[in-house]
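Secondary and tertiary structure notes
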Protein chains: 2
Amino acid sequence: MRKNLELKDYVAGIKAGDIAILSRAITLVESKRAEHQKLARELIQEIMPLTGKSHRIGISGSPGVGKSSFIETFGKYLTSKGLKLAVLAIDPSSQITGGSILGDKTRMAELSIDPNCFIRPSPSGKSLGGVAAKTWESLLLCEAFGFDVVLVETVGVGQSETTVARLVDFFLLLMQPGGGDDLQGIKRGIMEIADLICVNKADGENMNQAKLAKRNYENAVHILRVDSMPKVMLCSAIKKTGLEDIWNEIESFYIKQKGALEKKRAKNLGLWIKDMILEKIQNDFESDDLIKIAMEENHQKVLNQQKNILEAVDELYLKFKGKK
Amino acid sequence: MRKNLELKDYVAGIKAGDIAILSRAITLVESKRAEHQKLARELIQEIMPLTGKSHRIGISGSPGVGKSSFIETFGKYLTSKGLKLAVLAIDPSSQITGGSILGDKTRMAELSIDPNCFIRPSPSGKSLGGVAAKTWESLLLCEAFGFDVVLVETVGVGQSETTVARLVDFFLLLMQPGGGDDLQGIKRGIMEIADLICVNKADGENMNQAKLAKRNYENAVHILRVDSMPKVMLCSAIKKTGLEDIWNEIESFYIKQKGALEKKRAKNLGLWIKDMILEKIQNDFESDDLIKIAMEENHQKVLNQQKNILEAVDELYLKFKGKK
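Throughout, residues of each chain are indexed from 1 in the direction in which the sequence is written. Written order determines the labels here, with chains lettered from A and ligands numbered from 1. Totals for whole chains, interfaces and linings use every residue, but because this is a predicted model, local features are given only for residues with pLDDT of at least 70 and side-chain atom pairs only at 80 or more, for both listing and counting. Note: side-chain values were computed over all heavy atoms of the structure, leaving out hydrogens and water.

Observations concerning the relation of the copies chain A and chain B
Applicable threshold: Least-squares fitting of one copy onto the other uses the C-alpha atoms of those residues that reach a pLDDT of at least 70 in both copies. Note on contacts: a residue pair qualifies if any of its non-hydrogen atoms lie within 4.5 Å across the two residues.
With an RMSD of 0.1 Å, the fit of chain A onto chain B corresponds to turning through 180° and sliding 0.1 Å along the axis. Interpreted geometrically, this transformation is the action of a two-fold axis. Ranked by how close their C-alpha atoms come to the rotation axis, the residues of chain A are headed by A:A220, at 2.3 Å. Of all interface residues in chain A, 100% are interface residues in chain B too; the two copies therefore contact each other through one and the same surface.

Some points on the packing of helix α2 (residues 19-30) of chain B against helix α3 (residues 34-47) of chain B
Residue and element names in this part refer to chain B. Short version of the rule: Interaxial angle, 0 to 180 degrees, is taken between N-to-C directions of lines fitted to C-alpha atoms, where a helix line uses only the stretch in contact. Put simply, DSSP marks the helices as runs of H or I at least four residues long and the strands as runs of E at least two long, and each gets a number from the N terminus on. The cut-offs work like this: below 35 degrees is roughly parallel, past 145 is roughly antiparallel, 65 to 115 is roughly perpendicular, and the gaps in between are oblique. Rotating anticlockwise by less than a right angle from the far helix to the near helix defines a left-handed crossing, while the corresponding clockwise rotation defines a right-handed one. Note on residue classes: Ala, Val, Leu, Ile, Met, Phe, Trp, Tyr, Cys and Pro are nonpolar, Asp, Glu, Lys and Arg are charged, and everything else, Gly too, is polar.
Between α2 and α3, whose axes approach to 8 Å, the crossing angle comes to 125°. Taken together, the axes of α2 and α3 are oblique relative to one another. Read as a crossing pair, α2 and α3 show a hand that is left-handed. Facing A25, L28 and V29 of α2, the residues of α3 in contact are H36, L39, A40, L43 and I44. Grouping the amino acids of the contact of α2 with α3 by side-chain chemistry returns seven nonpolar, one polar and no charged.

Side note on the layout of surface pockets
Gaps left between atoms are located by rolling a probe of water-molecule size over the structure's atoms. As a reminder of what qualifies: A pocket, in this scheme, is an open set of points on a 1 Å grid over the protein atoms alone with protein on both sides within 12 Å along at least 5 of 7 lines, while a cavity is a set where a 1.4 Å probe fits but cannot get out; residues line either one if an atom lies within 4 Å of a point. Grid points are joined across faces, edges and corners, and a volume is the space filled by probe spheres set on the points.
If you add up the space inside the second largest pocket, you get close to 580 Å³. In terms of lining residues, the second largest pocket is bounded by 27 residues, among which A:L310, B:S127, B:G129, B:G130 and B:V131 are the most central. Elements with a minimum of two residues in the lining of the second largest pocket: α13 (309-321) of chain A together with α2, α3, α6 (128-145) and α11 (261-287) of chain B. Examining the composition of the lining of the second largest pocket, we find that six residues originate from one element, α6(B), more than from any other. Considering only residue class, the lining of the second largest pocket consists of nine nonpolar, nine polar and nine charged.

Thoughts on the domain arrangement of chain A
All names here are of chain A. Cut-off, in case you're wondering: For each domain, the first and last residues come from an automatic or database assignment. As used here, buried area is the combined drop in accessible area, with a 1.4 Å probe, of two parts when they are placed together.
On domain assignment, one finds that chain A holds domain 1 (1-49), domain 2 (51-258) and domain 3 (272-323). Contacts between the two partners involve 19 residues from domain 1, matched on the other side by 14 residues from domain 2. In total, about 1,600 Å² of surface goes out of reach between domain 1 and domain 2, with carbon and sulfur atoms giving 67% of it. Of all residues in domain 1, the largest losses of buried area upon contact with domain 2 belong to L22, I26 and E30, amounting jointly to 32% of the total for that side.

Laid out in structure tokens, this is it:
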């Protein structure tokens, strides 16, 4: 039985670079017990002045794209440069097993025993918002601890990318060679938020396919993006190629964003708060049984033209607002 | 001064194919006066049994793509086949001038004097939902009147496409040759809802550019779409080419959808109702001054870590729900 730590123990441990204490601090943040939550909040407040200095990088890609191998290879590349790296994961689906398969240390055999790397699986939780909020606080703890780079990994399906994009500064999307049929799992909006797209598995027999995919993604990005145009690069986790180009691209992003970064982070946080509230309201609307019944009734009446569509909308809206 | 029409006059006129009466019926539907709205509702209910038989086709494209010329040429092609065509427009921006530039008869000189064609500009209105709802009732009137094809034109910017997609069966997106820089005005989501993409201006010196654009759009669609894959075709409004292929594609859609169409229409209507309600709620949230202030306060507190992000979300959510 480990002795209970007090606030000052956590703070001192994090400042001293004690990885076991960092680990326990994240467990504290993830705990649902009220006294833990209270202590966690005090801890976060205490370490806030130490945060803000790391590169916060989101990474996503559909299953099968080789995300674990890429993180292993890219992570080793970073630590070989003398950088300290933390890998966090967001996977709301992990609620099913109660723990995450993402961030599992067995997936990244070499990286997980690297003294300059810290890997932490996704917290469990019922809602994406809740899981992301805990990952956010873990990210702050890792920053305070002194990691140079924090990678936040996500599963590449569902809503999690747009949420992760709010947490990080830079979003890297991993793709694989092959036309697009193999991308069925990917959420449509991801291509629109990526700061960099990397076609993995660009090696051996896949090389031509990978080059073709690169061109296709470049065209797609050109059509889709009206703001900044993310580069599309080739890499191979197996052959350890493309890593330097990727890192240079990230570094140049931070140089370009210097000064604007604080504002971008604050803005993202605001958008994240708004997203979470609107998501709650929408869930509320969609899961309310009375609204469901009223919706069905009104739908039928509009179909039969017993009711005008604007009338139906107003009635349902007022019903939801609780004014009727 | 025209004499006031009664319900039976409108119904008889529409059944008799009196275009002047159809025009006045649409004016009635668009009127904001309470007695007009009451009469309009009775009229729509009366003509409902006559609706449902036309091809409802949405058409969009950014400014400069040659939409008016295309509708003129394609419209003439349809009427030359003996089909009766109505062209409606949705343009919420027309509130600024109080009337719409879209659907303006001077844009389509030949089509506007074609006895088998009826062109109607966008209704004016403050909200997209309101404008679309009036266009919806105009569409029902046109169907009851006996038009074979109803084209609903939209501006190709903003939210109007997703709304129009709920009103129609088939959505045609017009594009132009050239890489993508010229697409800056287009809404990102449009490519995802199109049933057919046509590259216009595929003539003369533009031909190679148009072919290249076709390939690029095909690739983009391949990457983006996980459901059905819309075809990409070439056409030229000036040279009157590609029209038959487009019409065949639309016809084959209706053959394939036969049987499923009624369900699709009902489902779209339900989604449209839901969209409008959620849009109202979100507008409500974003325009509430007290929420705005509370949002700003909470954002700051989260930034300074005086408040946990989930706490802030819950507080704002409850405030909006009026429970706090």
